[in-house]
Structure formats: C-alpha cells, structure tokens
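Structural characterization, general
Each chain, written out:
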Amino acid sequence: MLTALATLLSHYRRHPGQLAMLLLGLWVAGALWSGVQAINASARDSYARAEALFTTGLDRLERRDGEPLTRADFLRLRRAGLPVSPLLEGALEAPDGSELRVIGIDPLTLPGDSAFADASSSSQGELTAFLTPPWQTRVAPDTLPTLSVNAREATGAEPRLDEGRLPPLVLTPALPPGTLVMDIAAAAALLDSEERLSRLVTAPGELERAPAGLVLTPADTLVSPGQLTESFHLNLTAMALLALVVGLFIVQAALGLALEQRLGMLRTLRALGLSGRALVGLLALELLLLGLAGAVAGIVSGVWLARVLLPDVAATLGSLYGAEVAVTLNLPWHYWFGGLGVTLGGLLLAGSGVLWRASKLSVLGLGQAQAWRAGFVRQLRGMALAGGAVTAAGLVLWAWLVRQPPGEGLLAGFGLIAALLLASALLLSPLLALALAGLGQLVRRRPLAQWAMADLQLQLPRLALAMMALLIALSANLGVSSMVGGFRLTFLDWLDQRLVADYYLRPPPERFDAVQAWLSERPEVAELLPTRHADATLLEIEGTDGARTPHLPVGLYGITPGESLMPSWPLLATQAGRDDAWQAFAAGEAAFVNEQLAIDQDLAPGDRVTLSAPGGRETLAVAAVYPDYGNTRGEVLLATPQLAERFAAAPSSIGIVLAEGADEAALRDALRQRALGSDTLVDQREVKRLSIEIFERTFTITRALSVLTLGVAALALLASLLAQARERRRQLAPLWALGVPRARLVAIQLAQLGGMSLAVGALAVPLGSVLALGLVAIINVAAFGWRLPLHVFTGDIVLTLATATAVALLAALLPAARLWRTPPRALLAEESDT
Amino acid sequence: MLEFRQVHKTYATPQGPLTVLAGVDLRLGSGESLALMGESGSGKSTLLHLAAGLDLPDAGEVLVAGRSISALDEPARARLRRDTLGLVFQQFHLVPSLSVLDNLRLQARLGGRERAEWTAHLVQRLGLSDLERRYPEQLSGGQQQRLAIGRALAPRPALLLADEPTGNLDETTAGEVLELLLDLVREAGSALLMVTHSPQVAAPLDRCLRLTHGRLDPLATDDRPTSHR
C-alpha cells in the first residue's frame, strides 16, 4: 500500500506547481476562515466575560437630574431598608496609553450571586484581603500586558500608574479584558472621586419602583454586547465563508486536474493489481494528508492574521458598540478542532466529486482523457439543471422575505445571497459554452479565430471552476464596494446634516442651565442647540392596523428645532411634508422616531406612541421618521423643552452655532475661564473626523476580506492555467507546425483568457449590483436596522471589468512566457511525446 | 495456467449487441507460450482483458491458476493480477512520475515479491543500467517497452499477458524487444499469452491461434508464420 501511495504522490514530485496550488488553496481558504473565526471566538469570549459581569441581573439606580450619586445617598437608602449596593466606575490610563476601566464594589452589600461578588471573593480570608488595605486588584490575565506586568510575577505585583500604585494584583480569568475590580474604597482613592458614586445596584426585581429623585433601570433592558455585535460577527462570518468557498474552488480545480493527469497511472495501478476500492481509499488518504497539511498551515496563518486584525476589530467594536474586546487572542479548545473540521470537511466536499468519478470510471476506459471530457457535456447539463433549481429556491426565499416585516430574516437574506451567487456560478459554464459555440459559428470564415473558439471550448472543463470562483469574487467585491461606498456617501451627508453646530459643549449637569443662560448672552453665539436625553419604555403603539403593546425600552433624545437645525435635519418620511412635521414637533404635539425603531415596530408617520414617563404615561403622535446611523437602539426624538418638562430628562450637551465673523478664540477663552475647557468642549470638525475614522475602520476588515477573496480567485485561475500549461503547449504545437508564429500563439492565448474573463467580469456587474441591493435592502436592514439608498458607481464597474481582465492576463502571463521561451522544435517533441 | 471454457462476451453498441467472443475454449499450460492473432476488432484485446480479470465474461468460465475469475470479487481479482500475472501493453503505460528503476520494481513491490538479484538481472538484461534514474519520457520507444516488459516480469509472474508488445516499435527494435521478451519469459519460467496481428511476432511461440467471428481456430502447421529469427 505504501508503494501505491508513494506512486500516487510521485505525481506531485513531477508537478510541484500543482501541489503548491492545492496546498495554497487549502491554506488561503483555511487561513481566512480560521482568522475570522479566531477573531469571533476571541470577541465572544470577551463578551461572555463582560456579560458574566453585568447581566447576572443587577438593576441600576441613578439620579434623575443626571448629577452623580454620593455616599450619603447610599447610606440614606440603606438606612431606609433598601438593599442597594454602591458602585464606582472610572477610567485610568495604562502605561501603553490605552484605557483601563476601574470598578469599585462593596462586596458586603453586593447581591451574593452576582459576578462582582464572584470576582471579589471565594473564601473568608480572601474577602478580608479584598476589603482591607492594602486591598486587592482583581484582573484577567490578558490585561497584564496593558499593565506591563509579566504573567509569572503578576500575583502580588503593584504596578504604578500616573494616578498612583494599584493594590496587589490577583488573577481572575473570568473578568473582562481591560477591567480592574477592587474594593470601592481603593477605587475611590485611585480615581480621586471623594464621596461620589457612579450608581447604585440592586438584585433584579428587588425594588418595585425607583425611590424619589432616582431612575431605576432594570437589568433586562440593558442590551448585552454580545447581542449588539451579533450582526457584525455574522457579516464577518459570511465574508469568511465566501473566502473559504472560493479557496475550495481552487482545491477542487487542482484536485480534478491532478486526477485527470493521473488517469493513465491509475489504470496502470489497477492493471498491476491494485483494487478499485484500494485505489479510491488511497486517493482519500492522499486527500487527508494534503488536507491536514493545508489545514494546519491555514489555522496557524489564520491565528497570525487574527492577531494582526484584532486590534482594529477591537477598536471598531469598542467605538461602534462600546464592547470591550481583548486585543490578545483567547482561543477556546474547540476553535482548533473547528478550524480543522471545517477545512477538512470543505476538502472532503471539494474532493468527493473527484473520488466518486474515479470510483465510477471503468478500469478499461480509465486511461482515456476523452472519457473525462465527454463527461463534461453531461456535467454542463447537470449544472444548468442545478443552477435552475437553486434559482427557483432563491425565488421562493425572496417571495418569503418580501412577505416578512422589514428588518426580519437576516439568515434568510444571507441564504438568498448565497443562492444568487451559487446559481450564477452554476449557470456560468453552460452560458459560456453556449456563447463560445455561437461565436465559433460567427467566425467560421476565419480559421484561426474559429480554432481559438473551439480551443477555448476544449479548455472550458478545466477553466470552469476558476471562472466560477472569479465570478463570485468579482460580484462580491463589486457588491461590497457599492454597499460600503453608498453607505459612506449617505453617512457623510448625514453627518453634515446633523452636526450643524460649530461646537458641542458638555457642562456638568448641575451647571447646565446656568451655562446655557450665560452663553445665550455672548455676542459670538448665533444660536444654542441644547440637547437632553432620557430612557423610557414604549408602552403602546396605535397604528392604522390597531393598537399594540410592545413594552420596549427606547432612548429619548431632545433637540432644539431652531433655524439652524430644521432645514438640514434629515427626515426619511413625514405624514404631511417637512414643514408640518417640524411645526408639530416644535409645538410639542408630535415626536419623530428613528428608522431602527420604525422598522422594528412597523411604525409610520401618523401612528401614535405611548411612553412611560415620571408622571405616568405620555402619548405622542409620530410626525416623521429620521435616519440614525450608528445608533444601536430605538430612539424617540422630542423638542428639548418638552423632553425636559414631560420626561424629566437629564441635560446632555449644548450645540453652539457661531455668529457670522464671531471671535472663536475669545469664546474659547471665556469658556476656559469658567472651567469649561477642552474636556467639555468639542469642535464639530473633530466629531466628524472621529466619526469618519470609526466608519472607515468598521469596513477595513470587510474590504480586506473582499480583496483577499479576489486574490484567491486569481490564484484559482493561475492554478488552472499552470496545471494545463504543458498540455496546452502540445495542442499549440501543430498550429506552429502549420505556420502560425509563436508570438501569434501567445497573443491568441492571452486574448482567449482576457476575453473570457472580461465576459465573466461583464456578468459580475449586474450580479454585483443585485448583491449590493440585497446587502442594503435586506442584510443591512435586518442587521443594523437602517436602509440605505442603492448606489452603483461607474468607477467600481470599470474597476471590476479591469480587475477581471488584469487577473486573467496576470494568470496567463506565466504559461504564455513559458510558451514563448519553449524552442519550436521542443513543441513538436512534446506533441509526439504522448 | 489459463483456461477458457465456452466463454461468451457481448457489448451493447448503438447499432445493437455486438458479440465479440462466442464460446471460446482455450488452455495454456505452465511455461507454454501462445500467440493470439486476428483482425482488428476481432476480440483479441477483450480475450486478454478477460484473462487479466480486467473484465468478466457474460457466460462461460475463465480460470487463472485454477481459479475462476467470475467467482472472485474485484479486490480478489486485483490480488490475482498482482500476484500471478504480468501485463505488457502496446502503449507501455509507464508511470511518468516514477524513475526507470521505480517503474521496473513497481508491481513486484506492490505484491511484496521483489527480489534484488532478479531486478538487477532484469535491469542489466534490458539494457537499462545507465538509465535507472531517468524518467520514462526521457527514454526512446524501444527503451520504454523494454522497461514495461521488465516491470511485468519483475515479480516473476506465472503468466505474462502481452497486448501487441511491439506494435508501437519499428521493425528492428521490435525484433530486439521480442527476442528479449521471450528469453526473459523463459528465464522467469512464465507462461505467455501474446496478442499480435503480426505473423512474424507470433512465429517463435509454441502455439498460435486465430480469433475469427468470436471463435478460436488453431492455425494449420503450414499456415504458421516463419520466425524472423
């Protein structure tokens, strides 16, 4: 058996390029898939730790006026018999410049089953050490690099920060990354917070209503980071799956070719006494060996890729969703087996067709390559039928999706896109075969062109898979770039429309009204745009189809409908035009709802919403729906005075619109004199710059994966061309003998490939546009809650066509150069050497 | 060593069933050599494939070393080929990715029957001594066929089946290769069934049969071709 296996593998010694392509396909597919899975696994681990800390069910109490709670509030409530526990939260700067979150707790009053309690103690001795000086700092091992502490010397270490020395470290792996948990007294000393508290917490449901002057936020209304980021990870997984599929296309192309070229060898081995079953078994073993090599290389590279990409992804998740994700990989054991399983499973799927065909071919006909090629005609028929079936399945899915409420069916949306790509890939070869046959008829008076068409038809079986991979990659690339480009345009417009003030000031809540009054007297100020915010529960919706009671937590946001804001604030839908909507809004008769909430709750202008309010219930008409990109929750917009009055909303910020020719420096100086410096004043340009930076970072990984997928498809094409280069030279030799110069032969080869890829590129344009439509109309709505207008950019289309041609020409260049270098006599020698 | 008993074989064709063998009887003893002649398409190769267990008869029995190939499953037939038979093809069917020496030892190693002295003897007798590390594509047609013969004889098979072994070679080379083949078959003590359409190739063998209309006819002594030796 070893001799037979060595004989089978000896093929790759003579064709190392084929082996390299096979391993490359497996490696690239495995690396991209494993890389993204490593990022997802690491992020999920961080979410799980964060959720363990927060969602064990601690209700929150905060002051209604936005001012901080104090130790006196805590003592007052405890004396009144309320089971509340104080919590202090703050941020410290780590030696490497990153931010560390400090949580100070009081383990004696903390509800016993919470993760805070778990983090603080496990035995009486430890509890004492936690509570008494020099206290303890509980920290997860993956936070140690941020503190510049070596893992071996971590326990008991007291790293020094700018704010002072931390209490001795104690490792607690269950804590989220970048989080330091300590006794509230130690945290207060470190944060210099004196008597202030961040909030009070209590066991879930322990308090029926908030004590006077406080707001109670039940734990179950706090959305966990895992929930928020699910769609982000689903998008990443979909892109990685696409890369895996394209990589497996290479594998299948290389495997098919390796088998085809070994048909003679297989027949000989059978004739020499190797049974068919043993031969298929050996081929499967060969697959397994190659698969293991490729998968291991893929996983190792994937982990490396994840290490490189993780800081960017973590920053994106942090800025988009406020989710803390460790920047060091933390991979569970099942990740390794999962990566191996998916790569080997994919390889088995890609190789099963080859094994099946090898087991079915008769030993007597095995050596005839023609038998293989004749089978391609049957395959084309099969592909056309399968393509039709997948199209039908896609149509059924689409019909189901359009009947769903908007925003539903994220998985079905991905299914529809997968069906679209698969159907196009399956129908591509039959379409190309038809087109080539037709073109061959058209050029039948020009023998060389006719030969080129017939020759391309002969090459089609070997190029089909690579062309399918190219079509999928080009379409995905165009679809993703159209979606991202369109989103970018819309987002930039939206930023311009919403950020109309020149400066945004965040005064302390207790000084908000005084600062606003002072600013209104300043000559530099043309208009002030104060905002407020509050939380409420959407109790009831009265629409045209009756009343509903969703009981959904929503954000309330107050804006000032003044001269600056009203003309530019974007509205997606109104009941009776913009003017009427703003008039009702300014008068406090109506509210606006954001697109997320409108889609999620099927709200439209004209509906009425009832919200929970300190005074009971408040009912408002919905006058308009507005876009709210980047927000993860439903939001109701009201005029600031109304919000303050009816919902006792806490002050948020004051937008300052400067007067024409205002002296900005004088205003800034005056603000500084009132202790309202750079930490409370933000320049609008800075806000925009940060927003755009976050936006770009969000799509960095999407773009990177999309480009990598295209690279993989180019490799698939190169693999196919290299693998058949030798046989191609044999086919070209007779033409040379008949008087066609080598330069012409090279040019024909390049034209054949370039033309076919251009045709594939042309097919990718409508397919990519439909894909972009699916992304903006279904996936984005379901994943993020907002719908974007479809933009297809001419530049992207030209780039797609140019990429298709360039990829083909680049891939064809190496075989063409070899042909160019081959002496003419050698061509004929190769031709006779069969 | 080889026996055909009333063997029938029919193929389905677009024009209807085509009977290739219609009740063939044949016996070939140990160490005996037999030439099988016939026109193109007369069924010579089919008979050889049946003898090798590459195909099965529709009716009748094919016995190799006393075992009916129809009674054996596919792996057992493969084992029979590996251990008992040697095959030489007109198209050589060498493994292009193995060196000359590895090709020569391939079947013997597959069956675990490699004998170093015999292999060395074959290499020397076949004139491949200086070519051991080359690959098949670097050999001439005659050298490739000599290598194919060496591969078939390396395990010292009880029966060698040769399908037009000199059909692809020029006359001089064909004569040299045939002479070598018969010498080595004698040295190995193998029986030989050779399919050929050439009377000159058939001449030096012990017996000669002609396949016509699906049946075997012994050639009259006078009709037997004269050896070109």
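Notes on the structure in this doc start here. As the structure is a computational prediction, the values presented were derived from the model and not from experiment.

Focus on the interface of chain A and chain B
Between chain A and chain B, the residue contacts involve 23 residues of the former and 22 residues of the latter. For the side of chain A that touches chain B, the elements supplying multiple residues, two or more each, are α1 (2–14), α8 (263–271) and α9 (276–321) of chain A. In terms of residue count, α1(A) provides more of the side of chain A that touches chain B than any other element does, 7 residues in total. Of the residues belonging to the side of chain A that touches chain B, the class tally is 8 nonpolar, 10 polar and 5 charged.

Points about unusual backbone geometry
Trans peptide bonds make up the majority, and among non-glycine residues the majority have a negative phi. Of note, the amide linkage connecting P133(A) to P134(A) takes the cis form, showing an omega dihedral of 5°. Residue position: P134(A) is located in the loop between α5 (124–131) and β5 (137–139). We note that E164(B) has phi near 45°; this positive angle belongs to a residue other than glycine. Structurally, the position occupied by E164(B) is in the loop between β7 (159–163) and α6 (171–188).

Details of the packing of helix α13 (residues 447–498) of chain A against helix α22 (residues 742–783) of chain A
Residues and elements named next belong to chain A. The geometry of α13 relative to α22 is characterised by a closest axis approach of 6 Å and an angle of 35° between their N-to-C directions. When you trace α13 past α22, the crossing you get is right-handed. A class-by-class count of the residues in the contact of α13 with α22 yields 20 nonpolar, 9 polar and no charged.

Some thoughts on the pairing of strand β2 (residues 16–28) of chain B
If a strand is regular, its side chains alternate between the two faces of the sheet. Residues and elements named next belong to chain B. Alignment of strand β1 (residues 2–13) against β2, held across 10 bridges, turns out to be antiparallel. Across the sheet, residue T10 finds its bridge partner in β2, namely T19. In sequence, β1 turns back onto β2 through a hairpin of 2 residues.

Examining the packing of α1(A) against helix α3 (residues 100–110) of chain B
Packing of α1(A) against α3(B) brings their axes to within 9 Å, and their N-to-C directions diverge by 145°. Across the interface between the two elements, T3(A), A4(A) and T7(A) of α1(A) pack against L106(B), R109(B) and L110(B) of α3(B).

Quick word on the sheet that holds β7(B)
All names here are of chain B. Spatially, 6 strands are ordered β6-β7-β8-β3-β9-β10 in an open sheet, and the strand pairing comes out mixed. Each of the sheet's edge strands pairs with one partner strand only, and the pair in question is β6 (85–88) and β10 (215–218). Taking each pair of neighbouring strands and ignoring which way they run, the sheet shows an average axis angle of 20°. Looking at chain direction, β7 and strand β8 (residues 191–195) are connected through 5 bridges and run parallel. If you follow D163 over to β8, its bridge partner there is V195.

Structural notes on helix α3 (residues 71–79) of chain A
Residues and elements named next belong to chain A. Here α3 has its buried residues at D73, F74 and L77. Considered in projection along α3, the buried side chains sweep an arc of 100° and stay on one side of the axis. Residues of α3 that are exposed and point more than 90 degrees away from the buried face comprise A72, L75 and R79. Buried residues in α3 make contact with β2 (69–70), β3 (85–93), β10 (196–197) and β11 (199–202).

Overview of the nonpolar core
All names here are of chain A. Counting residues in each nonpolar core, the largest one holds 245 residues, and the members touching the most others are A243, A469, L470 and A716. Examining the composition of this core, we find that 21 residues originate from one element, α13, more than from any other. Beyond its immediate sequence surroundings of up to four residues, A243 is in contact with A29, L32, W33, L705, L708, T709 and V712.

Notes on the sheet that holds β2(B)
Residues and elements named next belong to chain B. The strand order across the open sheet built from 4 strands is β2-β1-β4-β5, with neighbouring strands paired in antiparallel fashion. Two strands close off the open sheet at either side, each with one partner strand: β2 and β5 (67–68). Here 5 bridges tie β1 to strand β4 (residues 59–64), and the two strands are oriented antiparallel to one another. In the strand pairing of β4, E3 is matched with L63.

Quick look at the pairing of strand β20 (residues 616–626) of chain A
Residue and element names in this part refer to chain A. Alignment of strand β17 (residues 573–574) against β20, held across 2 bridges, turns out to be antiparallel. Residue pairing in the sheet places A573 in a bridge with V625 of β20. The sheet contact formed by strand β18 (residues 590–594) and β20 spans 5 bridges and is parallel. From the neighbouring strand, A591 faces β20, where its bridge partner is V622. When strand β19 (residues 608–613) meets β20, the two strands line up antiparallel, connected through 6 bridges. The residue bridging A613 from the neighbouring strand is G616, located in β20. Hairpin connection of β19 to β20: 2 residues between the antiparallel strands.

How each quantity is defined
Residues numbered from 1 in each chain as written. Chains lettered and ligands numbered in written order. Predicted model: local features only at pLDDT ≥ 70, side-chain atom pairs only at ≥ 80, totals over all residues. Contact = placed C-beta atoms within 7 Å. Helix = DSSP H or I, 4+ residues; strand = E, 2+ residues; numbered from the N terminus. Nonpolar A, V, L, I, M, F, W, Y, C, P; charged D, E, K, R; others polar. Axes fitted to C-alpha atoms, helices over the stretch in contact; angles between N-to-C directions. Left-handed = near helix turned anticlockwise from the far one by under 90°. Pairing = 2+ DSSP bridges. Buried ≥ 20, exposed ≤ 12 C-beta atoms within 10 Å, placed from the backbone. Arc of directions from axis to C-beta. Core = buried A, V, L, I, M, F, W, Y, C linked by C-beta atoms within 7 Å.

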